Amino acid sequence: MASEQELRKRIMRSVYVMYVARQLTSMPVRIAAVLVFLFALISSVSLPNVIENALQVNGLLGLVRFSVVAFLSTTVTVQLTAIASTFIVGWSMVDGLRHKNAQLSVQ
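Here the structure is a predicted model, which is why all the values come from computation and not from measurement. (Residues numbered from 1 in each chain as written. Predicted model: local features only at pLDDT ≥ 70, side-chain atom pairs only at ≥ 80, totals over all residues. Heavy atoms only, no water.)

Chemist: Before we go on, may I ask you to explain the overall build of the chain in this structure?
Modeler: A tally of regular secondary structure across the chain gives five helices and zero strands. In terms of overall dimensions, the chain is more spread out than a globule: its C-alpha atoms have a radius of gyration of 21 Å, far above the 13 Å expected for 107 residues. By its C-alpha atoms, the chain is 70 × 40 × 25 Å across when sized along the principal axes. Buried positions account for 10% of the 107 residues belonging to the chain. Partitioning the contacts of the chain with sequence separation of at least 6, the portion at a separation of at least 24 is 64%. Of the roughly 8900 Å² of accessible surface on the chain, a fraction of 70% belongs to carbon and sulfur atoms. In the chain, which carries 9 positive and 4 negative side-chain charges, the distance between the mean positions of the two groups comes to 5 Å. (Helix = DSSP H or I, 4+ residues; strand = E, 2+ residues; numbered from the N terminus. Rg over C-alpha atoms; globule rule 2.2 N^0.38 Å. Buried < 20%, exposed > 50% of the residue type's maximum accessible area, 1.4 Å probe, protein only. Contact = heavy atoms within 4.5 Å. Areas by Shrake-Rupley, 256 points an atom, 1.4 Å probe, with all protein chains shown as cover. Lys, Arg positive; Asp, Glu negative; His and termini not counted. Charge placed at Lys NZ, Arg CZ, Asp CG, Glu CD.)

Chemist: Even after reading the chapter, I still don't get a nonpolar patch on the surface, so can you show me in this structure?
Modeler: Where nonpolar side chains cluster on the molecular surface, the patch consists of Leu60, Leu61, Leu63, Val64, Val68, Phe71, Leu72, Val76, Leu80 and Ile83 and spans about 960 Å² of accessible area. For the nonpolar patch, the secondary structure elements donating two or more residues are helix H4 (59-72) and helix H5 (76-106). By residue number, the principal contributor to the nonpolar patch is H4, which donates seven residues. Looking at the element boundaries, Val64 is found in helix H4. (Patch = residues over 30% accessible without salt bridge, like charges linked within 9 Å, V, L, I, M, F, W, Y side chains within 5 Å. Salt bridge = Lys/Arg side-chain N within 4 Å of Asp/Glu carboxyl O.)

This is how it looks when you write it as structure tokens:
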């Protein structure tokens, strides 16, 4: 059986881990991460060329095809950066909707 001191250390270690996890998932940290990812994307991709090529596409289906081909044709670094920023934005939107729904249910 663990001594009281060992048990206290284990419990406090899990409290610290939860504290750090909550700090890392806070909205300011998420916004900073998205800004870093977007900066990395903008510096890695020729944005004027992407916009010019996207404007030459016809219809929504053509735009979807263009987006998929452009995504698959780029480097792994750009793909991972795009996926990470999309994930963080989606996660933030879901989190915001949950927060909004929780506020509405309280009222």
